[in-house]
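Take a look at the letters that make up each chain.
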Amino acid sequence: MMRDALLEGTGPCQLRTVGSAEELESYLRDPNPANPKPALVLIDLHEDGLDALTRIKRDADLRHIPVVVLASAANDDTATAAAYEAGANTVIPKPATFIELVRLVKVLTAYWLEAAALPPQQDLP
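Per-chain numbering applies: the sequence of each chain, read as written, is numbered from 1 onward. Note on the predicted model: pLDDT of at least 70 is required for a residue's local features to be given, and 80 or more for side-chain atom pairs to be given and counted; whole-chain, interface and lining totals, by contrast, use all residues. To obtain the side-chain values, all non-hydrogen atoms of the structure were included, while hydrogens and water were left out.

K.L.:
Hey, could you run me through the overall build of the chain in this one?
P.N.:
Helices and strands together make up the secondary structure of the chain, namely five helices and three strands. Listed by position from the N terminus, the elements making up the chain come as α-α-β-α-β-α-β-α. Three labels apply to residues, based on accessible area from a 1.4 Å probe with only protein chains included: buried if under 20% of the type maximum, exposed if over 50%, partly exposed otherwise in between. Per-residue burial over the chain gives 38% buried out of 125 residues. Considering only residue pairs separated by 6 or more positions, the chain has 61% of its internal contacts joining residues 24 or more positions apart. Entry remark: accessible area of the chain is about 7,500 Å², with carbon and sulfur atoms responsible for 52%. Only DSSP runs of H or I with at least four residues qualify as helices, and only runs of E with at least two residues qualify as strands; both kinds are numbered from the N terminus onward. Should any heavy atoms of two residues lie within 4.5 Å, those residues are considered in contact. Residue burial considers only the protein chains on display, and all accessible areas are found by Shrake-Rupley using a 1.4 Å probe.

Below, the structure written as structure tokens:
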């Protein structure tokens, strides 16, 4: 659903998806120029999202990449606290409907990819 919302709710941007924390780390470390480093990472806190977030933010070569965490429950203070403790740049509750998700994607991309000054892209060794 997130992929569809991103495609519908954003202007032209490159979208890459992975299925696990290990795949994300492998992608972020891939030296192939065909796989550019992302300007922003969206992580679903469900499954191994917290593990992926922790790995990114503990790594000196990756921690500059902003990470937005999507959490399942709006009122789960424990999950929200854990995500911020692990280094999340922001935590957002998942919307209940696809229309709300598209709206959220528009706000996220407008802020993170258009308004915010992000760290310069860095090549990994």
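K.L.:
Looking at this model, I keep getting lost on the environment of Ala-79. Mind explaining?
P.N.:
Inspection of the secondary structure puts Ala-79 in helix 4 (residues 77-86). For Ala-79 and Leu-50, which are 29 residues apart along the polypeptide, the C-alpha to C-alpha distance reads 9.0 Å.

K.L.:
Whenever I open this one, the nonpolar core confuses me. Can you help?
P.N.:
Side chains that are nonpolar tend, in soluble globular proteins, to be buried together. Residues belong to one nonpolar core when they are buried, are Ala, Val, Leu, Ile, Met, Phe, Trp, Tyr or Cys, and are joined through side-chain atoms within 4.5 Å. Ile-43, Leu-53, Ile-56 and Val-69 are the most contacted members of the largest nonpolar core, which totals 20 residues. Going through the elements one at a time, helix 2 (21-29), strand 1 (41-44), helix 3 (49-58), strand 2 (67-71) and helix 4 are the ones with two or more residues in this core. Every residue in contact with Leu-53, bar those within four places of it in the chain, is listed here: Ile-43, Val-67, Val-69, Ala-83, Ala-86, Gly-87 and Ala-88. Among the nonpolar cores identified, the runner-up in size contains eleven residues, and Leu-40, Leu-70, Leu-108 and Trp-112 belong to it.

K.L.:
Whenever I open this one, the side chain of Lys-57 confuses me. Can you help?
P.N.:
Position of Lys-57 relative to the elements: it lies in helix 3. In this tally, Asp and Glu contribute negative charge and Lys and Arg positive charge; neither His nor the terminal groups of the chain are included. Think of a salt bridge as a Lys or Arg side-chain nitrogen and an Asp or Glu carboxyl oxygen that are within 4 Å of each other. Summary of buried charges: Lys-57 has no salt-bridge partner, and the nearest side chain of opposite charge, Asp-59, is 11 Å away. Counted as a polar contact is a pair of N or O atoms within 3.5 Å, where, for protein atoms, one must be capable of donating a hydrogen and the other of accepting one, and residues adjacent in sequence contribute only when both atoms are in side chains. Side-chain polar atoms of Lys-57 contact the side chain of Asn-89, separated by 3.2 Å. In contact with Lys-57, not counting residues within four places along its chain, are Arg-63, Ile-65, Pro-66, Val-67, Ala-86, Gly-87 and Asn-89.

K.L.:
Got a minute to help me understand helix 4 in this structure?
P.N.:
In an α-helix, one full turn covers 3.6 residues, which means residues spaced three or four apart are oriented alike. Taken together, the buried positions of helix 4 are Ala-79, Ala-83 and Ala-86. Seen along its axis, helix 4 keeps its buried residues to an arc of 70 degrees; they face one direction. Along helix 4, exposed side chains directed more than 90 degrees from the buried face belong to Asp-77, Thr-78 and Glu-85. Here the buried face of helix 4 lies against helix 3, strand 2 and strand 3 (90-93). This arc is taken over the directions from the axis of the helix to the C-beta atoms.

K.L.:
Help me understand the pattern of salt bridges, please; the structure alone is not making it clear to me.
P.N.:
Oppositely charged side chains may form a pair once their charged atoms are brought near each other. One pass over the structure, following the stated rule, counts five salt bridges. We note a salt bridge from Asp-59 to Arg-29, for which the minimum N-O separation is 1.8 Å. Pair noted here: Asp-59 is in the loop between helix 3 and strand 2 and Arg-29 is in helix 2, with a separation of 30 residues, a long-range link. A relative accessible area of 12% places Asp-59 in the buried class. Members of the salt-bridge network, linked through shared partners, are Glu-22, Glu-25, Asp-51 and Arg-55.

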